[in-house]
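# Tertiary structure, described
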Amino acid sequence: QHSVGDSYRVAVHELGHALVGSMEEDFDEVDKISILSVGEAAGITTFIPKELNDSMATYKYFIQKIKVALGGHAAEDVIFGHANISSGATSDFQQVSSIAYYIIKDLGYSTIIGKLSLSEKHISNHTKMLIDQEVKQLVDKCYSEVKNVIKTNKSFMQYAAEELVNRETMTGAELKELKELYNIKN
């Protein structure tokens, strides 16, 4: 159980994930958004995966997963301001880091190391530093794009967050209806 203020914050965060995911072309479908606590998570947003096997997922799909994971933090940043972002994105950042390093280090999408998959024992400190820089650039680019989506839809986010606080749980279909009512285009 959250206080009203905390419920609104959780709603903003979870809707950030959901809105970004729903705006991504050919991405997983939003299944459920909830501000009810699940384990250590204050709320949860679930998706129905279109890609059932990440071993065959595309670069685009991994980038979309990064963006969706960043959506909660970006939503808090836009709605509450940078100094008032909660610690709720900790596991989101772990997911972002894991995916970004996987893309750059293991899948051959690095512009610096090229089409190599490097094990830890074969990477020099200099190359590690270059990989870190490339990962940071990738994540920063994704975050900038996500933050722009949230800024563009700020009033909708505030409206939908109030709705989510009242309902506590919302389906992907209900989010889609709210987007249509608010005339939000993908």
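Fair warning: this is a prediction, and the values are worked out from it, not measured in the lab.

Cut-offs applied
- Residues numbered from 1 in each chain as written.
- Predicted model: local features only at pLDDT ≥ 70, side-chain atom pairs only at ≥ 80, totals over all residues.
- Heavy atoms only, no water.
- Helix = DSSP H or I, 4+ residues; strand = E, 2+ residues; numbered from the N terminus.
- Buried < 20%, exposed > 50% of the residue type's maximum accessible area, 1.4 Å probe, protein only.
- Contact = heavy atoms within 4.5 Å.
- Areas by Shrake-Rupley, 256 points an atom, 1.4 Å probe, with all protein chains shown as cover.
- Pairing = 2+ DSSP bridges.
- Patch = residues over 30% accessible without salt bridge, like charges linked within 9 Å, V, L, I, M, F, W, Y side chains within 5 Å.
- Salt bridge = Lys/Arg side-chain N within 4 Å of Asp/Glu carboxyl O.
- Lys, Arg positive; Asp, Glu negative; His and termini not counted.

## Thoughts on the overall build of the chain
- Broken down by element type, the chain carries six helices and three strands.
- Secondary structure elements in the chain, listed N-terminal to C-terminal, are α-β-β-α-α-α-α-β-α.
- Referenced to the eigenvectors of the C-alpha coordinate spread, the extents of the chain come out at roughly 55 × 35 × 30 Å.
- Within the chain, the fraction of its 186 residues that count as buried is 45%.
- Of the contacts made within the chain by residues no fewer than 6 positions apart, 67% connect residues no fewer than 24 positions apart.
- Total accessible area on the chain stands at roughly 10,100 Å², and carbon and sulfur atoms take up 51% of it.

## Let's talk about the pairing of strand 1 (residues 29-34)
- The pairing of strand 1 with strand 2 (residues 44-48) spans five bridges and is antiparallel. Along strand 2, the bridge assignment pairs Val30 with Phe47.
- Pairing between strand 1 and strand 3 (residues 169-171): three bridges, direction antiparallel. Counterpart to Ser34 in the pairing with strand 3 is Thr169.

## Focus on a nonpolar patch on the surface
- Taken together, the side chains of Tyr59, Tyr102, Leu107 and Tyr109 make up a nonpolar region of the molecular surface, amounting to roughly 330 Å² of accessible area.
- With relative accessibility at 30%, the residue Leu107 sits in the partly exposed group.

## Here's the deal with the side chain of Asp92
- Note on placement: Asp92 falls in helix 3 (residues 90-106).
- No salt bridge is formed by the buried Asp92; its nearest oppositely charged neighbour, Lys65, is found at 12 Å.
- Not counting chain neighbours up to four residues away, the residues in contact with Asp92 comprise His13, His17 and Ala69.

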